[in-house]
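A look at the structure
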Amino acid sequence: MPIHTLLIMLLLLLLSPYGKASAGLHDTQGTYEPVPEYLEDASGRVLFDDLPEGDFRAVPQMPPQFGYSESVFWLRFNVSANEAVRYQWLKIDYPMLDYLSIYFQDENGLLIGEHQTGDRRRFHDRAVPDPAFVVELPETSESYTVLVRVQSESSLELPISLLSDKQLRISMGSGAWFQGLFFGAVIMLGLYHALIFTASGERVYLYFGGLSAAMALIQATLWGRAYQFLWPESPDWNHVAITLLVNFSNLFGVLYVGRVVKLYESYPRVAMGMVALAIISAVMVLLSLVIPYKDLIQPTLILSLIIFVVAGGIVIQRMRDRYPPAFAVFIAACMYILGSAAYIFGKLGILPNSVLLDNALAIGLLLQVMLFAYALSVRMAMDRDLRERAQKESAIAKDLLLDSERQQNVRLDQEVRMRTKELQEANARLEKISTTDGLTGLYNRRHFDECLEHEYTRAARGKQNLSVIMLDIDHFKKLNDTYGHAFGDEALRQTALRIQDVLKRPADIAFRYGGEEFVILLPDTPSSAANILARQIWSAMRSEAIDHQDQTVTLTVSIGIATSIAWPNGDPYELLHRADEQLYRAKEEGRDRICLV
């Protein structure tokens, strides 16, 4: 299924509401979802005994949700005699409500029951140890009225249901498998990368571990599990946990993205903007401890959206730079942005509620963490490859340095220690100059002679195949005469780049042999494999023209291939001579072709 089709389907599900107000919904499993009337008390001073009877209105949608509001809301619904016998529990399945007062009134208007709850009270004071607010219904076979008073600094949402004893037990365990999967995956990934940080010292692992922990705790708080298991005696801490954790995730997210896409090395000026966002996030973390939730939640959400936009632009630019980890980060960000935006808009009352909307943030978080871990592994693999290449390129310089140290006079030992660093740098520069072609960046002919003899000797020990490819740019002299030497130099550089793009194995090495002629050394490679590589180079040259200073020319190459099994005391230059003969044959037969023996 194409990804855009999948996203459209997800959005359609998010936009599907529970339904408009009706007379209430029974199911066969022992659950009843009443449709209440509501009254908004902007002053917050209306008491139970003073409720105006005629001011209640039908709720516009189910479950009732009123967004962020400083008002007190009263909800009222009737329980029939049949329902009074059938159901034993009332459940409000939204753990973020601050203060809840629930009253039961009989047909004569007398108060027959009252409960005070909410997440600003200790969790252990709840009648039923569940993240949702669960209270026992009156033991009566008569009809009665339920009134709920709610006040909260969080988004006001009241999914109310009446349950039987059996259904209550089932509902308390529902969703546990998904929550277990979520917490297990996120926490294990975070701990794993935190342990890698302790061993490697790479801060990007620490940032990922912090981001994973913050995300897991955010979702645990939204589900009410953090209050239930981590700080059940601390309602004040539970009240500030969301803003604190969201700002922590912003902080670690900014630091992680900057590191994983190598922003500081690639775009240092842009990186300063990310540093500024990290500083702002750190300040918001501190403010979360002193500023009330209601005053800080919207600035926190706005900062989160700003970070998403800025980080998204950076990741897209790194994708344009063809940096592989950026693609995984982009997909991860899309998943998180989709999930978090859907969740935020739902809590702001912009989107109507839906089943998927309740878990959108958790699903987005889980996908994001997994894809972030993948992006980090890709980046580390790339860094490892770069280190291995650097080690190979510095091997000759290290050998020269060791020889120089052994030949030094004992009386000059102190001076040698002082000059060691300078000597290493000088030797590295000298080695690079002596073995590299300055125009194309490939190894030069001198280094080819050394490599040919070395690889032939190595192949002879195992009696392995050794292949040589020689290629020549067709009509290069005419190209220089027609378009100028600057265009000819660009043609040589582009040819070298396309050769390097085709070569995948570290052992396969390309050289500029001289003029417009290139040679490629392929250890342990049979003739058929060498022919495939040559065909890829030949196609790469023809597939895209050379553009330089408003001049566009499609180049062709003639290619000769020779392969033989290396033998002790054999002549490696005989193999080179045979490849040259095949190149000459390709030119005689009309150029723009491949000849091999």
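Predicted, not measured: the structure shown is a model, and the values here were computed from it.

So, about the sheet that holds strand β9 (residues 111-117). Strands in a sheet are paired, the pairing made by backbone hydrogen bonds, and the direction either parallel or antiparallel. Read across the sheet, six strands follow the order β4-β3-β6-β11-β8-β9 without closing on themselves; strand pairing throughout is antiparallel. The two strands at the open ends of the sheet, each matched to only one other strand, are β4 (57-58) and β9. Bridge count between strand β8 (residues 99-106) and β9: six bridges; the pairing is antiparallel. Across the sheet, the residue bridging to Tyr103 is Glu114, located in β9.

Counting buried positions along strand β16 (residues 517-523) yields seven of seven residues, so the element is predominantly enclosed. Residue alternation in β16 divides its side chains into two sets, Glu517, Val519, Leu521 and Pro523 and Phe518, Ile520 and Leu522, and both sets are buried. Direction of pairing for strand β14 (residues 465-473) relative to β16: antiparallel, over a ladder of seven bridges. Bridge pairing links Ile469 to Ile520 in β16. In this structure, strand β15 (residues 509-514) lies alongside β16, joined through five bridges in antiparallel fashion. From the neighbouring strand, Ala510 faces β16, where its bridge partner is Ile520.

The five strands lie next to each other as β15-β16-β14-β19-β20, forming an open sheet whose pairing is mixed. Both outer strands of the open sheet, β15 and β20 (594-596), are each paired with one neighbouring strand and no more. Taking the axes of each pair of neighbouring strands and ignoring which way they run, one obtains an average angle of 20° across the sheet. In this sheet, β20 lies alongside strand β19 (residues 557-565) in parallel orientation, the contact comprising three bridges. Residue pairing in the sheet places Gly560 in a bridge with Cys595 of β20.

Before going further, it helps to spend a moment on a nonpolar patch on the surface. The grouping of Trp237, Leu286, Leu289 and Val290 at the surface amounts to a nonpolar patch, some 430 Å² of accessible area in total. Within the secondary structure, Trp237 sits in helix α7 (residues 235-260). A relative accessible area of 35% means that Trp237 is categorised as partly exposed.

Reading the values: rules and limits
Sequence order as written defines residue numbering, which begins from 1 separately in each chain. Only residues with pLDDT of at least 70 get local features here, since the model is predicted, and only at 80 or more are side-chain atom pairs given and counted; chain-wide, interface and lining totals rely on the full set of residues. Based on all heavy atoms of the structure, the side-chain values leave hydrogens and waters out of the count. Paired strands, as defined in this entry, are two strands with at least two bridges between them according to DSSP. Numbering goes from the N terminus for both helices and strands, where a helix is a DSSP run of H or I of at least four residues and a strand is a run of E of at least two. Buried residues are those whose accessible area, probed at 1.4 Å on protein chains only, stays under 20% of the maximum for their type, while exposed residues exceed 50% and partly exposed ones sit between those limits. Here, axes are lines fitted to C-alpha atoms. For helices the fit covers the stretch in contact, and angles between N-to-C directions go from 0 to 180 degrees. Within the patch definition used here, like charges are joined within 9 Å and nonpolar side chains (Val, Leu, Ile, Met, Phe, Trp, Tyr) within 5 Å, considering only residues with over 30% relative accessible area and no salt bridge. Method for areas: the Shrake-Rupley scheme with a 1.4 Å probe, in which residue coverage is limited to the protein chains shown. What counts as a salt bridge is simple: a side-chain nitrogen of Lys or Arg found within 4 Å of a carboxyl oxygen of Asp or Glu.

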